[in-house]
2 protein chains.
Amino acid sequence: MNWEDLARELAQPTDSKIVLLVMDGLGGLPVNGRTELQAAHKPNLDETARRGICGLTDPVFLGITPGSGPAHLALFGYDPLRYQLGRGILEAMGSGVEVGREDVVARGNFATFRDGLVVDRRAGRISTEENQKLCELINKKIPEINGIRVSLFPGKEHRFVLRISGPGLSDALTDADPQKEGKPAVPARALAAEAEFTAGIINGFLEELKKVLAGESRANYALLRGFSKFPSNLPSMAELYQIKPAAIANYPMYRGLTRLLGMEVLEVGPETEDLFNVLEKNYERYNFFYLHYKKTDSAGEDGRYEDKVKAIEDIDRFIPRLWQLRPDVLVITSDHSTPSVLKSHSWHPNPFVLVSDRAPADEVNQFTEKDCGRGSLGRFPSLQVMPLMLACALKLKKYGA
Amino acid sequence: MNWEDLARELAQPTDSKIVLLVMDGLGGLPVNGRTELQAAHKPNLDETARRGICGLTDPVFLGITPGSGPAHLALFGYDPLRYQLGRGILEAMGSGVEVGREDVVARGNFATFRDGLVVDRRAGRISTEENQKLCELINKKIPEINGIRVSLFPGKEHRFVLRISGPGLSDALTDADPQKEGKPAVPARALAAEAEFTAGIINGFLEELKKVLAGESRANYALLRGFSKFPSNLPSMAELYQIKPAAIANYPMYRGLTRLLGMEVLEVGPETEDLFNVLEKNYERYNFFYLHYKKTDSAGEDGRYEDKVKAIEDIDRFIPRLWQLRPDVLVITSDHSTPSVLKSHSWHPNPFVLVSDRAPADEVNQFTEKDCGRGSLGRFPSLQVMPLMLACALKLKKYGA
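Because the structure is predicted, anything quoted here is derived from the model rather than measured.

### Points about the overall build of chain A
Helix and strand content of chain A: 15 helices and 14 strands. The C-alpha atoms of chain A give a radius of gyration of 23 Å, which matches the 21 Å a tight globule of 401 residues would have. Projecting the C-alpha coordinates of chain A onto the three principal axes gives extents of approximately 70 × 55 × 40 Å. Here chain A holds 401 residues, and 52% of them are scored as buried. When contacts within chain A are restricted to residue pairs at least 6 apart in sequence, those whose partners lie at least 24 apart make up 71%.

### Some details on the sheet that holds strand S10 (residues 264-266) of chain B
Residue and element names in this part refer to chain B. In space, the eight strands of this open sheet follow the order S10-S9-S11-S1-S12-S13-S2-S14, with mixed pairing throughout. Strand pairing shows two members of the sheet lacking a second neighbour, S10 and strand S14 (379-381), which therefore form its edges. Ignoring strand direction, the axes of neighbouring strands in this sheet form an average angle of 25°. The pairing of strand S1 (residues 18-23) with strand S12 (residues 329-333) spans five bridges and is classified as parallel. Each residue of the ladder has a partner; that of Ile 18, found in S12, is Val 329. Contacting strand S9 (245-248), S10 and strand S11 (288-293), helix H10 (residues 272-281) runs over the sheet at an angle of about 170° to S11.

### Quick notes on the environment of Pro327(A)
Residues and elements named next belong to chain A. When you line up the elements, Pro 327 lands in the loop between helix H13 (319-325) and strand S12 (329-333). Put simply, Pro 327 and Glu 91 are 236 residues apart on the chain and 34 Å apart in space, counted from C-alpha to C-alpha. What Pro 327 contacts, discounting residues up to four positions off in sequence, is Lys 17, Ile 18 and Val 19.

### Some details on unusual backbone geometry
Residue and element names in this part refer to chain B. Phi is positive for Ala 123, close to 50°, though the residue is something other than glycine. With respect to the element layout, Ala 123 can be found in the loop between strand S4 (117-120) and helix H6 (128-141). When the 26 C-beta atoms within 10 Å are taken as the criterion, Ala 123 is described as buried. Phi angles above zero are rare outside glycine, and Arg 125 is one such case at about 45°. Tracing the backbone shows Arg 125 in the loop between S4 and H6.

### Things to note about the relation of the copies chain B and chain A
With an RMSD of 0.2 Å, the fit of chain B onto chain A corresponds to turning through 124° and sliding 0.7 Å along the axis. A rotation of that kind, with that shift, is consistent with a three-fold axis. Looking at the rotation axis and the C-alpha trace of chain B, the residue lying nearest is Gly378(B), at 4.0 Å.

### Observations concerning the interface of chain B and chain A
On the chain A side, the residues contacting the 22 residues of chain B number 18 residues. Within the residue set of the side of chain B that touches chain A, elements represented by two or more residues are helix H4 (68-75) and helix H5 (87-94) of chain B. Residues of the side of chain B that touches chain A, tallied by class, amount to twelve nonpolar, eight polar and two charged.

### Focus on helix H5 (residues 87-94) of chain A
All names here are of chain A. Among the eight residues in H5, seven count as buried, and that is most of the element. For H5, the full list of buried residues reads Gly 88, Ile 89, Leu 90, Glu 91, Ala 92, Met 93 and Gly 94. On its buried face, H5 is in contact with helix H4 (68-75), strand S3 (104-114), strand S7 (159-165), strand S8 (221-229) and helix H9 (252-260). One or two positions beyond H5, positive phi appears at Gly 96, with a value near 75°.

### Structural notes on the domain arrangement of chain A
Residue and element names in this part refer to chain A. You can read the domains of chain A as domain 1 (3-85 + 234-392) and domain 2 (90-229). Of note, the centres of domain 1 and domain 2, computed from C-alpha atoms alone, are 35 Å apart. Between domain 1 and domain 2, the contact holds six residues from the first and six residues from the second. Counting residues per element, the side of domain 1 that touches domain 2 draws most heavily on H9, which supplies four residues. Of the residues assigned to the side of domain 1 that touches domain 2, the class counts are four nonpolar, two polar and no charged.

### What about the sheet that holds strand S14 (residues 379-381) of chain A?
What holds strands together in a sheet is hydrogen bonding between their backbones, with the strands either parallel or antiparallel. All names here are of chain A. Pairing within the open sheet is mixed, and its eight strands lie in the order S10-S9-S11-S1-S12-S13-S2-S14. Either end of the sheet is taken by a strand with one partner, and the two such strands are strand S10 (264-266) and S14. Geometrically, the sheet is characterised by an average inter-axis angle of 25° between neighbouring strands, direction not taken into account. Here helix H3 (residues 43-51) sits on the sheet in contact with strand S2 (53-58), S12 and strand S13 (350-355), set at roughly 65° to S13.

### Quick look at the nonpolar core
Core analysis: the biggest nonpolar cluster contains 252 residues, and Ile248(A), Met389(A), Ile248(B) and Met389(B) have the highest contact counts within it. Here the element with the most residues in this core is helix H15 (residues 385-392) of chain A; it accounts for seven residues. Not counting chain neighbours up to four residues away, the residues in contact with Met389(A) comprise Ile18(A), Leu20(A), Val329(A) and Val331(A).

### Points about the environment of Gly52(B)
Residue and element names in this part refer to chain B. With respect to the element layout, Gly 52 can be found in the loop between helix H3 (43-51) and strand S2 (53-58). Residue classification places Gly 52 among the buried residues on the basis of 26 C-beta atoms within 10 Å. For the pair Gly 52 and Glu 267, spaced 215 residues apart in the sequence, the C-alpha separation amounts to 30 Å. With residues up to four places along the chain from it excluded, the contact list for Gly 52 reads Val 353, Leu 354, Val 355, Ala 359 and Ala 361.

### Notes on the packing of H5(B) against helix H9 (residues 252-260) of chain B
When two helices pack together, you describe them by how their axes are tilted relative to each other and by the distance separating the axes. All names here are of chain B. Axis separation between H5 and H9 bottoms out at 6 Å; the angle between their running directions is 120°. Taken together, the axes of H5 and H9 lie oblique to each other. Residue-level contacts link Ala 92, Met 93 and Gly 94 of H5 to Pro 252, Met 253, Gly 256 and Leu 257 of H9. Grouping the amino acids of the contact of H5 with H9 by side-chain chemistry returns five nonpolar, two polar and no charged.

### Quick word on the pairing of S13(A)
Residues and elements named next belong to chain A. Most of S13 is tucked away: six of the six residues are buried. Burial of the side chains of S13 extends over both faces: Asn 350, Phe 352 and Leu 354 are buried on one face and Pro 351, Val 353 and Val 355 on the other. In the sheet, S12 pairs with S13 via three bridges, with the strands oriented antiparallel. Bridged to Leu 330 within S13 is Val 355.

### Comments concerning H10(B)
Residues and elements named next belong to chain B. Buried within H10 are the following residues: Leu 275, Phe 276, Val 278 and Leu 279. Angularly, the buried residues of H10 cover 165° about the axis, an arc narrow enough to put them on a single face. Contacts made by the buried residues of H10 are with S9, S10, S11 and helix H13 (319-324).

### Comments concerning the environment of Lys397(B)
Residues and elements named next belong to chain B. The topology assignment puts Lys 397 in the segment after helix H15 (385-392). Given 9 C-beta atoms within 10 Å, Lys 397 falls into the exposed group. Sequence spacing of Lys 397 and Leu 6 is 391 residues, and the spatial spacing of their C-alpha atoms is 9.9 Å.

### What to know about the pairing of S3(A)
All names here are of chain A. Most of S3 is tucked away, with ten of its eleven residues classed as buried. Bridging between S3 and S7 involves six bridges; their strand directions are antiparallel. Residue pairing across strands places Gly 108 opposite Phe 160, the latter belonging to S7. Here seven bridges tie S3 to S8, and the two strands are oriented antiparallel to one another. The partner of Val 104 across the bridge, within S8, is Lys 229. Judged from the three bridges that link them, S3 and strand S4 (residues 117-120) form a sheet pairing that is antiparallel. What sits directly across from Phe 113, in S4, is Val 118. Counting the residues in the hairpin turn of S3 and S4 gives two residues, including Asp 115, whose phi is positive at 50°.

The rules behind the values
- Residues numbered from 1 in each chain as written.
- Chains lettered and ligands numbered in written order.
- Predicted model: local features only at pLDDT ≥ 70, side-chain atom pairs only at ≥ 80, totals over all residues.
- Helix = DSSP H or I, 4+ residues; strand = E, 2+ residues; numbered from the N terminus.
- Rg over C-alpha atoms; globule rule 2.2 N^0.38 Å.
- Buried ≥ 20, exposed ≤ 12 C-beta atoms within 10 Å, placed from the backbone.
- Contact = placed C-beta atoms within 7 Å.
- Pairing = 2+ DSSP bridges.
- Axes fitted to C-alpha atoms, helices over the stretch in contact; angles between N-to-C directions.
- Least-squares fit on C-alpha atoms with pLDDT ≥ 70 in both.
- Nonpolar A, V, L, I, M, F, W, Y, C, P; charged D, E, K, R; others polar.
- Domains from an automatic or database assignment.
- Core = buried A, V, L, I, M, F, W, Y, C linked by C-beta atoms within 7 Å.
- Parallel < 35°, antiparallel > 145°, perpendicular 65-115°, else oblique.
- Arc of directions from axis to C-beta.

Here it is, written out as structure tokens:
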């Protein structure tokens, strides 16, 4: 029996409220002896640590650096090793493309095809504007293939998302991408009999696209990879936990992911304060709130240490507004670490604090990686965050007699 | 490979002795800033913490509140998510009903049946005395059905345990209980072909019972649920660990559970001191002793904070008698927490201390939730208590070469 089965058995609906603030990529590594969290002036996050119980969470397990998908799945109580979201789905979510339960999506590159070979997998990194024009052209010229609707959504430079919509589609396909330059183009191949039809659609589309782009010098072909469908076995959070969840997130990736989990995705502006305004405005309508703060991760990804410090200080001013709502459970943590010095996600654990009347404070009074490591929760998997929050909100019945 | 497989491979018989004292429901939450353990005057428990290594254990995992069954299974090294004891078995154990390996047991309610409907699922909560008389009557009038022996064991008010004994019985049955009042009675239905015979016995018994109780105004019917057999795949502790285990427990539930695990269940009186007398008297005859102290849990369940403090102080006086036996391993811990303020079991971790020459003391010198959280064992699953105890008693060989 796993946590999901347990949740189905034990979860009970209550009016109690849970607020989960995810400061994306929060954990860091020291620069001149201090991590971004240690360097930041953040009296309210520290006061939260003083009021709550602290710990460190590992998104997958020691040493595994997760993408945003698995890291968030774990936080929401979905085993990140069990549920793997296809690259196409993640790219689509990241681009704000709506994906229906029947659709197949893929990541695409415009590429340069010459003398039977793929000579540039990125079509000379054409401009985003040129990409937009090409997608518009293709959408107009190739609205469908054999009754299956085809849509391209431009991304940055040479990247786009392909979505095909219609009945009977399968994502059991190999990439239509030779992976290396100087090789012939390869068609998508069906990995199962039920995908033959879809393979035909994809390869038919690529033939049509070649004709439409025949006059282009650089972007005269396209490569497609990571064919994927909406994960059909993903239960909703409402179903698993008997909660009414809302997502307050501004970035497409997190909006798409939470929509996949059946959360109500609320509209929110780009400013830090917007998160708190939307929370307060909707506080009576839901009983589980996920707030996503992106700036810490963006600064970390770019290696902007000082900006990450500022991003922490920026949100710190609003933390008292979370206290004032007096949720039954307040958690502030992260999905994964993004140390500025690494300019990337990392495997380091996430600082974690939970405030609840049913969780007597430990002795931690600073919200940093090191201090959280001394917290009474110790070090634990992100997958146990959801059970812990639900328990402290009295949303879980007893297991066994 | 799991712990059980490892245990079978590594356990070796030795004369070394292990004493495990379980103070049921020990962990608590603060009232006026102090948990029951923090408020109690308990010099000997504190001295034990000073001599030993401390930690906090999670019975299942973070956030999961266990019943006594799963919590004890974990402590004895049985995965509580793998082994699930049926409600009928637990009720039978709790009532002191002996359950043979072939028997099927169920929880029963006397109920009121009128005009084809179950109108009161508890028969107006008849008195325990009335219940006893009805069970006696039914046992006399319906000794068997189709060669299968039928026995009712009265519980409190309207509750009883049904046991049926004979060859070829199965517990793959739905509840014979409409769950709600105002609904027609429902028969037990077989969930597998091999349970058809048992379903016939149960439904035949209910028909006979209706006739016997026809003259009753309130208790004229019965509802049955949680049909269960002795878990057939449960290995004994002797078999797994090469130990000779004895249980010193006064309450039926714990006596029944340890009997299921193949422990020798010793007779013991209701006083705290009795636990220690029986331990001393039998110390040479076994090499693993489980002592169960119930008062901490009972007080917690009732919300009697002061009584829980007293229960801790009460047993504290006898702790030196454990030291004097000089067991190779002495552990004092709990199965689960029962904070008085919650008046129920909870998910909070258990204080844990282990004293052994092979476990150099850490710096903890008070036996409280908070202090144990700073112990050198950190926070760990209850399922690892058994391997740790066996190791410190040199009862586990090396794994691999």
